[in-house]
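For reference, the chains in residue letters:
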Amino acid sequence: MIAVIKTGGKQYRVAEEQVLTVEKLDGEAGSTLVFDQVLMVGDGDNTTLGTPLVEGASVAAELLEQNRADKIVVFKKKRRKDYRRKAGHRQHQTVVRITEILTDGKAPGTKAKAKPKKAKAEAPAADEAPVEAPAEAPAETETKTEE
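Residues numbered from 1 in each chain as written. Predicted model: local features only at pLDDT ≥ 70, side-chain atom pairs only at ≥ 80, totals over all residues. Heavy atoms only, no water.

**Observations concerning the environment of S58**
Argument step 1. By secondary structure assignment, the location of S58 is in strand β7 (residues 58-68).
Argument step 2. Judged by its relative accessible area of 9%, S58 is buried.
Argument step 3. With 47 residues separating them in the primary sequence, S58 and G105 have C-alpha atoms 7.6 Å apart.
Argument step 4. Residues in contact with S58, not counting those within four places in the same chain, are V34, F35, D36, V38, E100, I101, L102 and K106. (Helix = DSSP H or I, 4+ residues; strand = E, 2+ residues; numbered from the N terminus. Buried < 20%, exposed > 50% of the residue type's maximum accessible area, 1.4 Å probe, protein only. Contact = heavy atoms within 4.5 Å.)

**Re the sheet that holds β7**
Argument step 1. Strands sit in the order β3-β10-β7-β4 across an open sheet of 4 strands; the sheet is antiparallel. Of all strands in the sheet, those bounded by a partner on one side alone are β3 (19-23) and β4 (32-35). On average, adjacent strands in this sheet sit at an angle of 45 degrees to one another, irrespective of strand direction.
Argument step 2. Sheet topology places β3 next to strand β10 (residues 92-102); 5 bridges connect them, and they run antiparallel. What sits directly across from V19, in β10, is R97. (Pairing = 2+ DSSP bridges. Axes fitted to C-alpha atoms, helices over the stretch in contact; angles between N-to-C directions.)

**Describing the packing of aromatic side chains**
Argument step 1. Within the structure shown, the criterion is met by 0 aromatic pairs.
Argument step 2. When the ring centre of Y83 is taken as origin, the NZ or CZ atom of K78, which lies over that ring, is 5.6 Å away. (Phe/Tyr/Trp six-rings, centres within 6.5 Å; stacked < 30°, edge-to-face > 60°. Lys NZ or Arg CZ within 6 Å of the ring centre and 35° of its normal.)

**Side note on the nonpolar core**
Argument step 1. Membership of the largest hydrophobic core comes to 18 residues, with the highest contact counts inside it found for I5, V14, V38 and V59.
Argument step 2. Those elements that place two or more of their residues in this core are β1 (2-7), β2 (10-15), β3, β4, β5 (38-43), β7 and β10.
Argument step 3. Sequence-distant contacts of V38, defined by excluding residues within four places in its chain, comprise A3, V4, I5, P52, L53, V54, A57, S58 and V59. (Core = buried A, V, L, I, M, F, W, Y, C linked by side-chain atoms within 4.5 Å.)

**Considerations on the pattern of salt bridges**
Argument step 1. Across all of its chains, the model carries 2 salt bridges by this definition.
Argument step 2. For the salt bridge of K10 with E23, the shortest nitrogen-to-oxygen distance reads 2.8 Å. On the criterion of sequence distance, the pair formed by K10 in strand β2 and E23 in strand β3 is long-range, its members being 13 residues apart.
Argument step 3. Judged by relative accessible area, E23 falls into the partly exposed class, the value being 24%.
Argument step 4. In this structure, R97 engages E62 in a salt bridge whose closest nitrogen and oxygen atoms are separated by 3.8 Å. Highlighted residues: R97 in strand β10 and E62 in strand β7, separated in sequence by 35 residues.
Argument step 5. Of the residues examined, R97 reaches a relative accessible area of 27% and is grouped as partly exposed. (Salt bridge = Lys/Arg side-chain N within 4 Å of Asp/Glu carboxyl O.)

**Digging into unusual backbone geometry**
Argument step 1. With omega at -5 degrees, the peptide bond leading from T51 into P52 counts as cis.
Argument step 2. Take P52: it is sitting in the loop between β6 (46-49) and β7.
Argument step 3. One non-glycine residue, D82, lies in positive phi territory at about 55 degrees.
Argument step 4. For D82, the location among the structural elements is in the loop between β8 (72-78) and β9 (83-89).
Argument step 5. Relative accessible area serves as the criterion here: at 73%, D82 is assigned to the exposed category.

This is how it looks when you write it as structure tokens:
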């Protein structure tokens, strides 16, 4: 399933699990964003175009990071006037991963994140002696001496 969304004055064609860099959006890494300005939704032969937006459609995304684009050089010059100005600019960006494309007014679900599998503790081999925890040392007792 694909969709066309509008954010930051630009339009993006998105699919599930796609990583996308868009204009800066508010939020912290790991939070969920919902894009509700959906211009088109397509699923194989079924395509729904909005006029201008598709009713009840939204796209859920996970915010991965906030960063800045590469520096661009802004150089101004007027020939024969001894006028030159040089400046740089780095645009703020947000990197998101599209998690769901929703239709019919559904709310974004909370998918369980994949957790790393824990390695199972291996049983000791038959020829090895089982390892026991060391016994705790007896607590030292304080004795009061009369002075």
